[in-house]
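# Structure at a glance
Each chain, letter by letter, is given below.
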Amino acid sequence: MLAEAVVASASTVDLGAQAAHLVQVTGSTAITSFGSSAVVSNPFYKLRFTSAGLVLTNSASLALPGGANITTQAGDSCFAQYLGSGNWAVQNYARADG
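Residues numbered from 1 in each chain as written. Predicted model: local features only at pLDDT ≥ 70, side-chain atom pairs only at ≥ 80, totals over all residues. Heavy atoms only, no water.

### Quick look at the sheet that holds strand β5 (residues 62–63)
- The six strands lie next to each other as β1-β2-β3-β7-β8-β5, forming an open sheet whose pairing is mixed. The outermost strands of the open sheet, each flanked by one partner alone, are β1 (5–8) and β5.
- One ladder, built from two bridges, connects β5 with strand β8 (residues 87–94); its direction is parallel. Across the sheet, Ala63 pairs through a bridge with Ala89, a residue of β8. (Pairing = 2+ DSSP bridges. Helix = DSSP H or I, 4+ residues; strand = E, 2+ residues; numbered from the N terminus.)

Okay, here's the thing in structure tokens:
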């Protein structure tokens, strides 16, 4: 079984600083960035959200599907790809309720 890092939501959740690429995000603070410490040679992170109401904010450095903010539900998940220079693209956002 793969280890899952647990991190509290914050305006910047630095995914590159996590011990694993499987990350459980707790809390409901809006996220505007996934940080800049990840490396492009291993750029994919799977995120699982445990709280409803957390807002992922679409921006030039956090590109979200459809170009719109996303409000999470408990159990939602996605893949985040580090593009370099502090820029991220969220891929395959999946709602817990389908």
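From this point on, the discussion continues.
### Comments concerning the pattern of salt bridges
- Applying the stated criterion across every chain, the model contains two salt bridges.
- Where Arg48 meets Glu4, a salt bridge forms, and the shortest distance between an N and an O atom there is 2.8 Å. You can see Arg48 sitting in strand β3 (residues 44–49) and its partner Glu4 sitting in the segment before β1, a full 44 residues away along the chain.
- The partly exposed category is assigned to Glu4, whose relative accessible area is 30%.
- Between Asp76 and Arg95 there is a salt bridge; the shortest N-O distance is 2.9 Å. Taken together, the positions of Asp76 in the loop between β6 (70–71) and β7 (77–84) and Arg95 in the segment after β8 put the pair 19 residues apart, joining distant regions of the chain.
- Taking the relative accessible area as the measure of exposure, Asp76 reaches 0% and is therefore buried. (Salt bridge = Lys/Arg side-chain N within 4 Å of Asp/Glu carboxyl O. Buried < 20%, exposed > 50% of the residue type's maximum accessible area, 1.4 Å probe, protein only.)

### A short note on the nonpolar core
- Counting 24 residues, the largest nonpolar core has Leu15, Phe34, Leu47, Leu56 and Trp88 as the members making the most contacts within it.
- Among the elements of the structure, β1, β2 (22–26), β3, β7 and β8 are those that each provide at least two residues to this core.
- Beyond its immediate sequence surroundings of up to four residues, Phe34 is in contact with Val13, Asp14, Leu15, Leu47, Leu56, Leu62, Ala80, Trp88 and Val90. (Core = buried A, V, L, I, M, F, W, Y, C linked by side-chain atoms within 4.5 Å. Contact = heavy atoms within 4.5 Å.)

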